[in-house]
Each structure stands twice: as structure tokens, then as C-alpha cells.
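# Structural features, examined
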Amino acid sequence: KYSFAKVDFSLLLLYLFQNPFKISLKFLKEKGETDVYVYGETPLTTLDKILSHVEISKDDTVFELGSGRSRTCVGLHAFKGCKVVGIEFVPEFVKKANKVKRFFKVTDVEIRNEDFLKSDFTGGTLFYLYGTCYDAAFIKKLIKKFKKLPKGTQIITVSYSLNTFSDEFLFKVEKVFSA
């Protein structure tokens, strides 16, 4: 889709001389975080696979937890027409994504600079987590937050089922596929 390609290309250009992994690492070190290697991105091939396997409609509000450069946020909106809320901890990523979003007049995509363990998830019908870099303690905290979501809320995770991190069987796994 051209609408996605032009925004995505602009997001990539903003990092031509700044590696996003290094930006994240520097920010987390400056904040005094102990786990500074938590940056990961959803490859577009993986996003394409998710979009072909998961039912997402224009009526959904998708929360991407850890949206990084927000490429997935823009892709979800462009290809599925859904509302998207990206939650990102690194301010530089949010600033740049919002700049591109304003330039291209992208609507129904909101990028917030927040800690998603403290974010308000009101209105979310689907949550996406590319959580390959988070440790077990962090995922357990997130599960406590997910337990408060309305029944029927969908959660997409990359690499593992959230049930792996819980003593209770809290989540119904509907699909597993390689990407």
C-alpha cells in the first residue's frame, strides 16, 4: 500500500544515521535501568504473517505495547483500518513517530510516551506485544494488568504464550504459527 510505504519510508529515513537499538540503549542506561537490552522490532514479514492469520477489523482498537519507531502501528492502521495506540517508553521514538504522523496526516493512530505497565488500556480490544526481549518478572507484571481486561480481549504475542509465565491458565491460545 502506497499510504503505508511513504510513511514507513519516512520513519526509516529518520533513523538513517541513528541506530534505533543504540538510541534505546543510551536512553535506558541514562534512566538507570538494569535491563537495557529490551529493544526489538517486528519485521514487516512477521507483521504480514500476523495480518494474514489474525482477524482485525476497523472496529478494533489495537494497543501496541512497546511501539518503538511505530512502524507496526502505522502498518496495522494502513492494512486493517483499525484504530491504533502505540505505547513507547523512549521519548525520541515517540517524538519522531508523531512528527511523521502529523506530516502525512495519519489519523486514528496515537503514539504515547508512557510505561505500558502504568498505561490506561481503556477501549483496547486487541493488544500486541513483541516481547522477545522482556524478562519473566516484567511479563508477570504485565499479566497482572492483562487480567483486568474485559473477557474476550485478544492478545497477540510473538515468541511465546503468556500462559508460560503464569501458574494459572489465564489465556486461551487460539492460534500458533511461525513467522
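Residues numbered from 1 in each chain as written. Predicted model: local features only at pLDDT ≥ 70, side-chain atom pairs only at ≥ 80, totals over all residues. Heavy atoms only, no water.

Let us now look at the packing of helix α1 (residues 2-13) against helix α4 (residues 71-80). Each pair of packed helices can be summarised by the angle the axes make with each other and by the distance between the axes. As a packed pair, α1 and α4 sit with axes 10 Å apart at the nearest point and diverge in direction by 175°. Looking at the two axes, α1 sits roughly antiparallel to α4. Across the interface between the two elements, S3, F4, V7, D8, L11 and L12 of α1 pack against R71, V74, G75, A78 and F79 of α4. Considering only residue class, the contact of α1 with α4 consists of seven nonpolar, two polar and two charged. (Axes fitted to C-alpha atoms, helices over the stretch in contact; angles between N-to-C directions. Helix = DSSP H or I, 4+ residues; strand = E, 2+ residues; numbered from the N terminus. Parallel < 35°, antiparallel > 145°, perpendicular 65-115°, else oblique. Contact = heavy atoms within 4.5 Å. Nonpolar A, V, L, I, M, F, W, Y, C, P; charged D, E, K, R; others polar.)

Scanning all chains against the criterion turns up 15 aromatic pairs. A ring pair is formed by Y39 and F93, whose centres lie 5.3 Å apart and whose planes are at 40°; its orientation type is tilted. Separated by 54 residues along the polypeptide, Y39 in the loop between α2 (20-30) and α3 (44-53) and F93 in helix α5 (residues 91-103) bring together distant segments of the chain. Like F93, Y39 is buried. Taken together, the aromatic side chains of Y15, F21, Y39 and F93 make up a single cluster linked through ring pairs. When the ring centre of Y15 is taken as reference, the NZ or CZ atom of K96 above it lies at 4.5 Å. (Phe/Tyr/Trp six-rings, centres within 6.5 Å; stacked < 30°, edge-to-face > 60°. Buried < 20%, exposed > 50% of the residue type's maximum accessible area, 1.4 Å probe, protein only. Lys NZ or Arg CZ within 6 Å of the ring centre and 35° of its normal.)

Residues F9, L13, L16 and F17 make up a contiguous nonpolar surface patch of about 510 Å² in total accessible area. With respect to the helices, strands and loops of the structure, F17 is situated in the loop between α1 and α2. Exposure remark for F17: the relative accessible area of 79% places this residue in the exposed category. (Patch = residues over 30% accessible without salt bridge, like charges linked within 9 Å, V, L, I, M, F, W, Y side chains within 5 Å. Areas by Shrake-Rupley, 256 points an atom, 1.4 Å probe, with all protein chains shown as cover. Salt bridge = Lys/Arg side-chain N within 4 Å of Asp/Glu carboxyl O.)

Before going further, it helps to examine the pattern of salt bridges. Scanning all chains against the criterion turns up eight salt bridges. Its salt-bridge partner being K58, residue D59 comes within 3.6 Å of it at the nearest N-O pair. K58 gets classed as exposed once you look at its relative accessible area, which sits at 60%. With a closest N to O distance of 3.8 Å, E114 and R112 form a salt bridge. Judged by relative accessible area, R112 falls into the buried class, the value being 17%. Each of the salt bridges in this network shares a partner with another, and the network as a whole consists of E110, R112 and E114.

Our focus in this paragraph is the layout of surface pockets. Which parts of space are left empty comes out when a probe the size of a water molecule is rolled across the atoms. Within this model, the largest pocket holds a volume of roughly 1,000 Å³. Taken together, 31 residues make up the lining of the largest pocket; nearest its centre are I155, I156, K172, V173 and E174. Per-element tally for the lining of the largest pocket: the top contributor is strand β5 (residues 154-157), with four residues. For the lining of the largest pocket, the per-class residue count stands at 16 nonpolar, nine polar and six charged. (1 Å grid on protein atoms, 1.4 Å probe; cavity = no way out; pocket = protein on both sides within 12 Å on 5 of 7 lines; lining within 4 Å. Points joined across faces, edges and corners; volume = space filled by probe spheres on them.)

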